[in-house]
Amino acid sequence: RLLLHLTSKSPDYDRLIYDRPLTDCQFKEVQIDTSFASSLFTSASQSLFESIRNPMANDEIRATVSSDDPMSVYAPSQSLSSIFGSISTKVLGSAPQVAQAKPVQGGFLHPAQVMKPPSATDKMRRRFDKSKLGPTQNSSYEAYHQRVKQNKLMASKVAKSKQITMLRKYRTGELPDIQIRSKDILEPLISLITRDSTTARLVLVQVFKSICAVTPQLNVETHFKGQIESMFKNTTNTTGFVNFLINICYEQNQLILSPHLIADCALKSFNFHAGIMLLEKQLLQLPPKDPKRKKVGGEPASEDRQEWIQLVKLYRAMGEEDTLKGIFEKKIAKTNLSKEALAAEFRGDFVEALSVYEKATKLLDEGKEVIDGVVPSPAEIESWENARLECFLMLTRWSDLYENTLAEVENKPMDLYQERLIDPYLNYYLLSSTKNKEKWPQLWQFIGASFEDPQKRDTLEAKYLKEMAFVALTQNDFDRSRYYVSKYYQHFMLEFSKLQSFDFAAKHIKLQSLQNVIEMEEFLGFVSKESNLKGIYHLDKLLSKWNQRYPSVKMDSITIWDNVVTNRSIYLEKIHEAMTSFKSNSEEEGEESKLKIKDHLVEERADMFRDIANAARRQSNLYVSDLYLRSALKSKSKKKEFSFSYFQSLVKLYCIKAEQTKSIDESADKFAKALKFIEGKKGEEVISNQPELKSKFLYLQGKVFSQVAQLSEDNSAAVKEAIQKNGWDLSSIRTNKLNHDLNMKAYSSFEEGVQLASQYEREENEKGEGNSKAIKVASKAHLGFALFCDQLLKGGKEDANLCKHVIKGVLEAMQRQFPGASDHFPRLLEIISSHPETIPFFMEKVAKIEVWQMIRWISQLIALLGMPKEGKAVIGILVEIAKKYPQAIYYPFKISGEELMVQSEETRKLIQPLQHLLKIDAIESFIEALQKLTHPEHRFKDWTEQLKPHMRQSKRDVEEVKAICMTIYEDLLDTRDPNIGSYNKKFASTWVKPIVTAFGKDGSLLAKMSNESFSSHLAEWNDKMMKDLNPKKTAKMKLTEFSMWLQDFEQGEQNSGEFIELPGQYTGNAAPIVEDHVKISSFDGSLLVMGSLRKPKRLKMRGDDEHDYPFLIKGGEDLRLDQRIQQLFAVTNRILAKDPACLKRKLQINTYQVVPMTGKVGIIQWIENTKPLKEIFEEELAKDSNKPKAETSILKLPAAALQDSWIKSFGNKVVGKKRLNSCDYYYAMFQHASRSETEKQFLKQQESIPADLLKRGILATSASMETYIGLRSQFAKTLAVFSIASYIIGIGDRHLENFLFSFTDGSLIGIDFGHAFGTATQFLPIPELMPFRMTRQFVGFLQPLDTDGLLKHNMVYTLEALQQNKEMLLNTMDVFIKEPLIDWERLAKRVAKEQGGEGDAQVWFPKKKIEIVKRKLGRENPAWITVSELKESVHASSAYLPHLQQIVSGHKGANVRAQVPMLCPTAKDQVDCLVDQASDPNILGRSWFGWAPWI
């Protein structure tokens, strides 16, 4: 503000910016790049001063953007500002629009007036036309009108409170006057920066840049480096100013600062993201240092880049554990020991990791300089010690942590205040001391000595207030403890307010510590009141509150749990001391009361230990689980009574230990001990007398028997020996049928458990209590038994009773609405198809289920209607859905019903009830109107494509030809149809005469026409139609040009009781409340027509909730494949949400609604504030080349020309063909291009393009460094998840137009799934050999970070979660077998023909696709799968197939996938193979030109 205020002293302050008025200027029409607003202020702020310095030359002025700009659309309510900060944005399209230069009548308009939609009042009139509403609807209107009045009144109040002070005047007249002064811009800007710190920071950076730009003789490094370094050292607490300094350094390439100084300043000022950006820039800017020397006996070691070390600190402060471990693994760690330890940490095996780190440090202690053939760097050595201490922390080995921390300072704790040791060693010392009561005296002494030194005291009271409060509490100095708690809250609020919008992990870490302080405050409040200490009533209230407030098992680490539990344990001891200090009326009463209180508190502490043990077990931290469970059992054993909850925890822990044991013999031994332990507790009175506990006991026993049976399948000898060794009774088990008898034991346990659970539920219901606990017990027992029986079925045991148990168990759980039960419903449909004898049983049981639970699986249900027996089983379900929720089933039945009607008479009769229930005239008219939105030229072409097969036949089906002709006339040529728009009507008027003249109105002439004549007519007409087709590129058109029905639609005018719900509202996750669903009230009067081949159109549907809902209308396509892919993505998201590792990292796929309506039209949810990646790349390329964006294409780059010329150079290798097509060049290249030649050529192509196009494009749209880091992080997460999910499903054709980037949160969104389940490999002329897209620009966006930290780890977590829950995915895919897509049927016939014989291709093809998915989920090497797909492709008999197989298999010396066996040992190995195959230049260099592999 001060700097800008000083400009008022300049003589230019009052000078006119433009010397001549607007009337003297010449207008020039220019292209307006409407993507400017998505830059979230960045672009505007960068160009601000440049525009002031560089007024337009030659007296020309840019034309302003007209109000009907087709690409200017407003953003939805949720924007980047609602998630990441106060930044408003604007949703923008991709194509540039030429705005017309025309004078504005009536004076100068404010920009808000220009951008306002022209028919806003008309929108409201059409939504709520009172004159056209019925009595009931009229009352609804009155209620709405009342709400509008209240909203206006509230808006008026808000407006008064936000009066805008006008800082300058706007001139009016026939033309706006541009003769404004500099101060007219500067004064509003000063006012703005006074109120908004972000804008102030951006302006200050631009001021500095401008000064440097206009002063070329000013050397930034010479003049400013010293001052900036001084400010970095001395100004660390002012977050905004430090952020400004970091921004300056980032913008000035000459400034290279000390990495330690950058990180230290960023940490102290909470500018983590800005510090990261600056360090990463310095890493990319400076070349790696050359190795100075070679170490004896090892590889040459390069000197450590300190930027990496400091980046680790900043990412740790942000809570980005995966990223910092990725940096350590790829940039710091050189030895195999480090990598082994890191792998163990990612598995959660901290015992193994600690063992490896201790082995490494021991080798150093022995004087070894060379480890694993390399010399470890100083940073790697330091990390070993730090990692050891972290492992002690994660294992809650506080004594070891204490001793090792003191060892760093040779048992001189006061030395911990040294700058290099204070973080993290002082924290470790305080933490380990507070956890160990024996160390409290030394801790008190340490604190006392520290307080004698003002500097040390300031350190403790600045960083460790929570610890100081706890230390005071241990000394019973409760007043001092309260003081520190109060001071902590003040400090917490100050630090939390400094965290940036994107600091989600850092905020979570801060909030985690808050619980401890709150509970400390509650404890202090409790003991301060004597009334609380005289009985257990108030104590129970406090404990009840704490028991409902445990950390999250999925989101919080075990150290957070330990902090809460150990603190509570201390509080309980202090409470016991306080409560037993009161004297009672009699000594006997007092002793009895003390014993009662003590037992109560000991019981509570034991339960807390059990809870943390269970949490540790679920986090796979078995060491801590075992430790705390032993402590809990030790406390419980004093009472000498059996506790089922402790027994259950112990058995679960034993079984997990057995599963994770590497040795088969040891695993069998542990399972046998668990069985023996269970058998020994069978007779416990607590279990025998309570059906609830007996049911749980049997369920647990059944699971263990099942696990032992699975182990015995391949290792029966080891299991038998373990059982005998542990003295378990083998009398009921035949050693020659060990697996069978163990399964029967499990079966009996599960079956009896279900009976007892049902008994317990009935008893509770008879009491009239409606016990939710009983419902949960019964549901879990039923579902557990069902899944066990299903496991036997899948293992090859064919038994109708097992099928019935599966059906009954799942449906019983669904009847009780047990979470996750409906996920298994598709498996039941599969069972009734393979075992038709179970259909009556299924129908009986399913009749009791609320049908809304099956809405998710409508596609799977409808797919069975074409099967005689299965159709009868599901028709009742579909009829019930149609009765209760007709619009949930309307569209799926509409599209499948078209195919069902041409099947047998029996099928037609079966679906008659559905057809009767689903006659909704309004929706039928709605679908017909949407079909009319497809350009008539394209609809005509679609109809003629249906005619072509008939016209080629020598014996034509005359009636079918006539029927198609009549349909063409009704759809395209009826000029009297009042519902078609002007564009459709013009087409009909133009073409009705020539088409009817040639074909006949009823098709009679066409039926006699020769195929040659027919083709000639089509060729002539299609050429003329395509010339007349408008628009040629993305533009706006009026809705009236295509459909008068949609334009005139009013909800109130429909038949009584009929309404159209907004599609896509039935999720099946909860019972739908139809009354609350959004209904379509009208449609926006404009369409946005896309410039792509089929001209899809964006239509805004106006809901009765006063919101607009945009959808993309796609004609001429069957969108069922896209819909099913989205369903699979939704199932994937449900799996990821249940997985702790994925949930903690918020790993999800962005999904959107896809609603196929007929085989020719469907709608797709329009995703606001997104842009195709192709456009982002081309925008950056246009900037580099200084050309208009319209003249820039990634397929016209030098890289494209290089690839094209190289591919065509193999034309002379083709033998036997005179005329070559584009594919022939590729086939020759596959055979004759060597690996080295391909890689060399591909490298040339890549080097001709900047590697950071995507990075620059996203950085230009980011308002701040924090925004950019957040967008990049979310991009990496969604890329990781989408890559794995798309690989599993076999999604191909991932060119750059099939990816959208979301400017709302940085998500990568996949669209257009025309090639799925490997069809891009098997059927494209140039087969895709990569599993997903992982090209240079994607990796460059993450630079300087490697793929490991931001991608691979998340890919591993995703893949592991899907593999552990593969049955959910596979069951959902069964619909592809029951109702194969038309495209699949065509492809199946094609591949069958290629391989010599039709066979039952429609059945074989989808089953083969599902089998490949199973192989992927079974950890098969992806290269082996691609090779097998090629063998069954259209390329199977080609001469180049062996070469393709060799290319895919890779080279053992260069490719990971060639070194891994057919079955990958772990998910991590599988991910390594996938990334290797996706980024192999020998594959990318041979890819199809249009895929643009060089980008």
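Placed above this text is the structure.
Residues numbered from 1 in each chain as written. Predicted model: local features only at pLDDT ≥ 70, side-chain atom pairs only at ≥ 80, totals over all residues. Heavy atoms only, no water.

Undergrad: So what's going on with the overall build of the chain? Residues and values would help.
TA: Assigned secondary structure in the chain consists of 69 helices and 13 strands. Counting over 1495 residues, the chain shows a buried share of 52%. Taking the intrachain contacts of the chain between residues at least 6 apart in sequence as the baseline, contacts between residues at least 24 apart amount to 73%. Summed over its atoms, the accessible surface of the chain is roughly 68700 Å², and 51% of this surface lies on carbon and sulfur atoms. (Helix = DSSP H or I, 4+ residues; strand = E, 2+ residues; numbered from the N terminus. Buried < 20%, exposed > 50% of the residue type's maximum accessible area, 1.4 Å probe, protein only. Contact = heavy atoms within 4.5 Å. Areas by Shrake-Rupley, 256 points an atom, 1.4 Å probe, with all protein chains shown as cover.)

Undergrad: Go over the sheet that holds strand β6 (residues 1080-1089), please, and point to the residues and values.
TA: Pairing is antiparallel across the open sheet formed by 6 strands, whose spatial order is β5-β6-β7-β8-β10-β9. Each end of this open sheet is capped by a strand with a single partner; those strands are β5 (1035-1038) and β9 (1154-1156). Strand-to-strand, the axes of this sheet are offset by a mean angle of 30°, without reference to chain direction. As paired elements, strand β7 (residues 1097-1103) and strand β8 (residues 1108-1115) share 6 bridges and run antiparallel to each other. For R1102, the partnering residue across the bridge sits in β8 and is D1108. (Pairing = 2+ DSSP bridges. Axes fitted to C-alpha atoms, helices over the stretch in contact; angles between N-to-C directions.)

Undergrad: Help me get a handle on the nonpolar core, residues and values and all.
TA: Inside soluble globular proteins, nonpolar side chains tend to come together where they are buried. Core analysis: the largest hydrophobic core is formed by 354 residues, its most contacted members being F825, F842, L865 and F926. Among the elements that take part in this core, helix α58 (residues 1265-1289) stands out by supplying 15 residues, more than any other. With sequence-adjacent residues up to four places away left out, L865 is seen in contact with G871, V874, I875, L878, F893, L900, T907, L910, I911 and L914. Judged by nonpolar contacts, the second largest core, of 26 residues, contains W1206, A1228, V1448 and L1484. (Core = buried A, V, L, I, M, F, W, Y, C linked by side-chain atoms within 4.5 Å.)

Undergrad: Give me the lowdown on a negative patch on the surface, citing residues and values where you can.
TA: Together, E340, D349, E352 and D372 line one region of the surface with negative charge. Residue position: E352 is located in helix α16 (residues 350-365). Take E352: its relative accessible area is 32%, and that puts it in the partly exposed class. (Patch = residues over 30% accessible without salt bridge, like charges linked within 9 Å, V, L, I, M, F, W, Y side chains within 5 Å. Salt bridge = Lys/Arg side-chain N within 4 Å of Asp/Glu carboxyl O. Lys, Arg positive; Asp, Glu negative; His and termini not counted. Charge placed at Lys NZ, Arg CZ, Asp CG, Glu CD.)

Undergrad: Talk me through unusual backbone geometry; I want residue IDs and the actual numbers.
TA: Look at the link from D423 to P424: it is a cis peptide, with omega at 15°. Looking at where P424 falls in the secondary structure, it is placed in helix α19 (residues 422-435). Here the residue pair N1030 and P1031 is connected by a cis peptide bond, since its omega of 0° sits within 30 degrees of zero. With respect to the secondary-structure elements, P1031 resides in the loop between α49 (1011-1028) and β5. The backbone of S620 sits at a positive phi, close to 65°, despite the residue not being glycine. Relative to the helices and strands, S620 is located in the loop between α27 (587-618) and α28 (622-637). Unlike most non-glycine residues, D1293 shows phi in positive territory, near 60°. Assignment of secondary structure puts D1293 in the loop between α58 and β12 (1299-1302).

Undergrad: Provide a residue-level description of the packing of aromatic side chains, including the pertinent values.
TA: If you walk through the whole model with that rule in mind, you get 51 aromatic pairs. Ring plane angle 20° and centroid distance 5.8 Å describe the contact between F926 and F1083, whose orientation is recorded as stacked. Taken together, the residues F926 in helix α44 (residues 921-931) and F1083 in strand β6 connect sequence positions 157 residues apart. F1083 shares its class with F926; the two are buried. Three or more aromatic residues joined by ring pairs make a cluster, and in this case those are F1129, Y1268, F1275, F1282, F1299, F1301, F1303, F1313, F1338 and F1341. The cationic tip of R1098 hangs over the ring face of W1166; the distance from NZ or CZ to the ring centre is 5.3 Å. Sitting over the face of the ring of F1299, R1294 holds its NZ or CZ atom 5.6 Å from the ring centroid. (Phe/Tyr/Trp six-rings, centres within 6.5 Å; stacked < 30°, edge-to-face > 60°. Lys NZ or Arg CZ within 6 Å of the ring centre and 35° of its normal.)

Undergrad: Now, about the packing of helix α21 (residues 454-463) against helix α22 (residues 465-474): what can you tell me, with residues and values included?
TA: Remark: α21 packs on α22, axes separated minimally by 5 Å, with the N-to-C direction vectors making an angle of 100°. Classified by the angle between their axes, α21 and α22 sit roughly perpendicular to one another. Along its contact with α21, which presents L460, E461 and K463, the element α22 presents L465, E467 and M468. Residue composition of the contact of α21 with α22, grouped by class: 3 nonpolar, no polar and 3 charged. (Parallel < 35°, antiparallel > 145°, perpendicular 65-115°, else oblique. Nonpolar A, V, L, I, M, F, W, Y, C, P; charged D, E, K, R; others polar.)

Undergrad: Kindly report on the packing of helix α20 (residues 440-451) against α22, identifying the contributing residues and their values.
TA: Taken N-terminus to C-terminus, the directions of α20 and α22 make an angle of 120°; their axes are 11 Å apart at the nearest point. Between α20 and α22, the crossing angle belongs to the class labelled oblique. Here α20 and α22 pass one another in a crossing that is left-handed. In contact with W440, L443, W444, I447 and F451 of α20, α22 contributes M468, V471 and T474. Taken together, the residues of the contact of α20 with α22 break down into 7 nonpolar, 1 polar and no charged. (Left-handed = near helix turned anticlockwise from the far one by under 90°.)

Undergrad: I'd like a rundown of the sheet that holds β12, residues and numbers included.
TA: As summarised here, the arrangement of the 3 strands in space is β11-β12-β13, forming an open sheet in which the pairing is antiparallel. Each of the sheet's edge strands pairs with one partner strand only, and the pair in question is β11 (1170-1172) and β13 (1308-1310). Averaged over all pairs of adjacent strands, the angle between strand axes in this sheet comes to 30°, irrespective of strand direction. Sheet topology places β12 next to β13; 3 bridges connect them, and they run antiparallel. Bridge pairing in β13 places F1299 opposite G1310. Its contacts with the sheet put α58 on β12 and β13, and the angle it makes with β13 is roughly 30°.

Undergrad: Quick rundown of the side chain of T459? Include the residues and the values.
TA: Within the secondary structure layout, T459 lies in helix α21. Of the residues examined, T459 reaches a relative accessible area of 19% and is grouped as buried. One polar contact links the side chain of T459 to the main-chain carbonyl oxygen of Q455, over a distance of 3.1 Å. Apart from residues no more than four positions distant in its own chain, T459 is found in contact with Y417, I422, L426 and Y464. (Polar contact = N/O pair within 3.5 Å; in protein donor to acceptor, adjacent residues only side chain to side chain.)

The quantities given are spatial measurements derived from coordinates; they are silent on function.
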